[in-house]
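Letter by letter, the chains look like this.
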Amino acid sequence: CKTLRLILGDQLNASHSWFRKKDDEIVYLIAEVNEEHQYVKHHVQKICAFFLAMHQFAQALAIAGHQVIYLTLDETKEYASFAELIAALNTAHAFNNFEYQQPDEYRLSEQLSQLASEFKHSKVYSSEHFYLTQEDINEEFKQGEHTTMEFFYRRMRKRFGILVENNKPIGGRWNFDQSNRNKLKEADLKDIPEPLLFDNDASDILERLQAHSVNYFGKESRQLIWPVTRHQARQLLSFFCQHQLIHFGRFQDAMTQATDYAWSIYHSRLSFALNSKILSPREVIERVLDHWQDNPSIDIAQVEGFIRQILGWREYVRGIYWRNMPEYAEKNALQASHPLPDYFWNGKTQMNCLRQCLTQSLDYSYAHHIQRLMVIGNFCLLFGIDPDQVDEWYLGVYIDAIEWVEMPNTRGMTQFADNGIVATKPYAASSNYINKMSDYCKHCSYTQSKKVGDKACPLNSAYWHFIYRHREKFQSNPRMTMVYRTWQKMEDKQQQAILEQADGYIENLNRL
Ligand code: FAD
């Protein structure tokens, strides 16, 4: 009575109850499958990171005494999907039973439940990774409705007893966001720690990708810097606690190009290890709290700011995703339809903020939150780029991009395509925000302070164009009254000049 257990590339959870005991009647399958890197075009480092991590995981399971089948692209090339591969394995091995962990992605969840129904016996397990179960999500979130993240997060703090005492927030406040909005000054730059990078050898995988003509993009490197084992992931977590936590919140929204470490600043870069489930969110939060206890000089604002990202935002976007799929993937509330400009694939734009963030994304398969939200996402929002293309780019480019977390952030938070399920107002900004939080504008060939005329920063007129073209939707939003008042106070001539300037940029989107 042999059982086949499928482990997906983002289910590398060594603490899963599956692995507590060895059983020769159970065979674990981990496979590199064409379908999984073809549903969108991916950054090459992302494919390498997943394949390397999967392979390491398979080896660790085999060393621990489990029966494991690891299949590379060489062995799976003739199968178009997991379904076909598993059907073929079943013919060869005659498994009685098929088991899998609940996938986090809607597409795979549908596919595997269909596949399971073709077996006489099958069972689906929890991935035992997240704080909330599917039942919890159904209670916390309502389909098509906004749930306020701040209140959700407070409920999570209380429910899981994190940074609370007698049901009250430790430190007297739930949220220290106001202390977390600093720009990096010249004097701060020298303290930014050199990021911990790994030296994983990706040569075999690169050769395999070339042999199978896999279509990818981004900077190719034989040295993969991302953590692909438990040991490396734990090292990265320790590094974060020791060197980055101290200023995490303070410089969370800051952007710079003035140091070699500008791409990482004080960000943990733990998202790949978390999303592949090499690390669990509980483990990360516990480790941060322990470190804080041993180092009480670290300010609570930094610790709370970090925990909010994982206990709050990460669980929140997952809830939004599952409560709203599959309709969510089709949403386009602002009817945005322009194609994604070519420079998203090569970084060649004269807009320095965008060039810095795109180039960094293509080089490292990584950008930190504010770069994703307020530079790249804001650009797409203001210029009305088709959310399908925006989603596809984000899903392909980032090392941590898996649909459940990518889509609510992109389509929801940045593009307002979900009509306010995530955000109560669009995250639209002119260049003032970017100038406030970064040194990008100083190095730009456009003039930050200009709205119209030669070399005026495209974001400025595009911002007002966005405000104007969506006035019916937003002018009665109480959080946007001030903006509409400012627009109305402008003279007709000035309004006209701004709209014309923006139209000129929109027509020449590929040449900005
Ligand atoms: P840190 O800044 O060190 O934060 C710590 C952790 O908090 C992250 O590792 C992540 O697990 C969690 N976190 C922080 N913000 C969010 C958030 N908004 N949603 C969910 N988790 C969060 N995150 C992904 O993991 N995958 C994605 O595909 C993804 N796409 C994004 C797209 C857009 C447009 C935006 C605005 C954000 C996106 N994020 C995504 C959220 C966030 O930007 C990344 O989690 C973060 O930049 C990863 O880097 P880090 O590990 O250094 O994060």
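This structure is a prediction, so every number in the text was calculated from the model and none was measured.

## Section: the sheet that holds strand β2 (residues 26-31)
The 5 strands are arranged β4-β2-β1-β5-β6 in an open sheet whose pairing can be described as parallel. Unpaired on one side and paired on the other, β4 (67-71) and β6 (121-125) mark the two borders of the sheet. Ignoring strand direction, the axes of neighbouring strands in this sheet form an average angle of 20°. Relative to β4, helix α2 (residues 44-63) is tilted by about 155°, and along the sheet it contacts β2 and β4. Across the sheet, helix α4 (residues 82-93) is in contact with β1 (3-6), β2, β4 and β5 (97-101); its angle to β2 comes to roughly 145°.

## Some details on the domain arrangement of the protein chain
Partitioning the protein chain into domains gives domain 1 (3-125), domain 2 (134-201 + 226-324) and domain 3 (343-511). Spacing between the C-alpha centres of domain 1 and domain 2 amounts to 30 Å. On the domain 2 side, the residues contacting the 18 residues of domain 1 number 15 residues. Summed over both sides, the interface between domain 1 and domain 2 buries roughly 1,300 Å², with carbon and sulfur atoms accounting for 62% of that surface.

## So, the site of the ligand
Looking at the ligand, there are 30 residues lining it, with His-267, Ser-268, Arg-269, Asn-275 and Tyr-366 nearest. Within the side chain of Arg-372, a nitrogen or oxygen atom sits 3.5 Å from a nitrogen atom of the ligand. A distance of 2.9 Å separates a nitrogen atom of the ligand from a polar atom in the backbone of Asp-400. Elements with a minimum of two residues in the shell around the ligand: α11 (271-275), α13 (300-324), α16 (369-382) and α18 (403-414). By residue class, the composition of the shell around the ligand is 15 nonpolar, 10 polar and 5 charged. Among the domains, domain 2 (134-201 + 226-324) and domain 3 (343-511) are the pair contributing at least three residues each to the shell around the ligand.

## Some points on the nonpolar core
Residues Leu-209, Phe-379 and Phe-383 are the most contacted members of the largest nonpolar core, which totals 149 residues. In contact with Leu-209, other than residues within four places in its own chain, are Val-44, Ile-47, Cys-48, Phe-51, Leu-73, Val-214 and Tyr-216.

## Structural notes on the side chain of Glu-99
The topology assignment puts Glu-99 in strand β5. Here Asn-97 takes part through its side chain, which lies 3.0 Å from a polar atom of the side chain of Glu-99. A distance of 3.3 Å separates the side chain of Glu-99 from the side chain of Tyr-125, its partner in a polar contact. Beyond its immediate chain neighbours, meaning those up to four positions away, Glu-99 contacts Thr-3, Leu-4, Arg-5, Leu-6, Trp-18, Lys-123 and Tyr-125.

## Description of the packing of aromatic side chains
Applying the stated rule across the entire model yields 39 aromatic pairs. For the pair Trp-393 and Tyr-398, a centre-to-centre distance of 5.8 Å together with 85° between the ring planes defines the contact as edge-to-face. Take Trp-393 and Tyr-398: they sit in the same class, and that class is buried. When the ring centre of Tyr-398 is taken as origin, the NZ or CZ atom of Arg-372, which lies over that ring, is 4.0 Å away. Over the ring of Tyr-468 we find Arg-471; its NZ or CZ atom is 4.0 Å from the centre of that ring.

## Description of the pattern of salt bridges
The full count for this structure, using the stated rule, is 15 salt bridges. Taking the shortest distance from any N to any O, the salt bridge between Lys-277 and Asp-104 comes out at 2.4 Å. Of this pair, Lys-277 sits in the loop between α11 and α12 (281-294) while Asp-104 sits in the loop between β5 and α5 (106-117), placing them 173 residues apart in sequence. We note that Lys-277, like Asp-104, is buried. One salt bridge connects Arg-372 with Asp-400, and the closest N-O pair in it is separated by 2.9 Å.

## Focus: the packing of helix α17 (residues 387-397) against α18
Orientation of α17 relative to α18, taken along the N-to-C sense of each, is 135°, at an axis distance of 10 Å. As the angle between them shows, α17 and α18 are arranged oblique. For the crossing formed where α17 meets α18, the hand is right-handed. Where α17 abuts α18, its residues Pro-387, Asp-388, Val-390, Asp-391, Tyr-394 and Leu-395 lie against Glu-403, Glu-406, Met-407, Thr-410 and Arg-411. Its residues placed into classes, the contact of α17 with α18 shows 5 nonpolar, 1 polar and 5 charged.

## Comments concerning a negative patch on the surface
A contiguous patch of negative charge, built from Asp-199, Asp-201, Asp-204 and Glu-207, is present on the exposed surface. In this structure, Glu-207 sits in helix α9 (residues 203-211).

## So, α9
Listed in full, the buried residues belonging to α9 are Ser-203, Ile-205, Leu-206, Arg-208 and Leu-209. In the core, the buried residues of α9 are packed alongside α2, α3 (73-76), β9 (200-201) and β10 (216-217). Directly beyond the C-terminal end of α9, a positive phi value near 50° is found at Ser-213.

## Looking at α12
Over its 14 residues, α12 extends 20 Å from the first C-alpha to the last, a length consistent with the 20 Å expected when each residue adds 1.5 Å. Within α12 the residues assigned to the buried category are Pro-281, Val-284, Ile-285, Val-288, His-291 and Trp-292. The buried residues of α12 all sit within an arc of 125° when viewed along its axis, so they share a single face. Facing away from the buried side of α12 by more than 90 degrees, the exposed set consists of Gln-293 and Asp-294. Buried residues along α12 sit in contact with α10 (230-244), α11 and α13.

What counts, and at which threshold
- Residues numbered from 1 in each chain as written.
- Predicted model: local features only at pLDDT ≥ 70, side-chain atom pairs only at ≥ 80, totals over all residues.
- Heavy atoms only, no water.
- Pairing = 2+ DSSP bridges.
- Helix = DSSP H or I, 4+ residues; strand = E, 2+ residues; numbered from the N terminus.
- Axes fitted to C-alpha atoms, helices over the stretch in contact; angles between N-to-C directions.
- Contact = heavy atoms within 4.5 Å.
- Domains from an automatic or database assignment.
- Buried area = accessible area lost by both parts, 1.4 Å probe.
- Near = heavy atom within 4 Å.
- Polar contact = N/O pair within 3.5 Å; in protein donor to acceptor, adjacent residues only side chain to side chain.
- Nonpolar A, V, L, I, M, F, W, Y, C, P; charged D, E, K, R; others polar.
- Core = buried A, V, L, I, M, F, W, Y, C linked by side-chain atoms within 4.5 Å.
- Buried < 20%, exposed > 50% of the residue type's maximum accessible area, 1.4 Å probe, protein only.
- Phe/Tyr/Trp six-rings, centres within 6.5 Å; stacked < 30°, edge-to-face > 60°.
- Lys NZ or Arg CZ within 6 Å of the ring centre and 35° of its normal.
- Salt bridge = Lys/Arg side-chain N within 4 Å of Asp/Glu carboxyl O.
- Parallel < 35°, antiparallel > 145°, perpendicular 65-115°, else oblique.
- Left-handed = near helix turned anticlockwise from the far one by under 90°.
- Patch = residues over 30% accessible without salt bridge, like charges linked within 9 Å, V, L, I, M, F, W, Y side chains within 5 Å.
- Areas by Shrake-Rupley, 256 points an atom, 1.4 Å probe, with all protein chains shown as cover.
- Lys, Arg positive; Asp, Glu negative; His and termini not counted.
- Charge placed at Lys NZ, Arg CZ, Asp CG, Glu CD.
- Expected span 1.5 Å × (residues − 1).
- Arc of directions from axis to C-beta.

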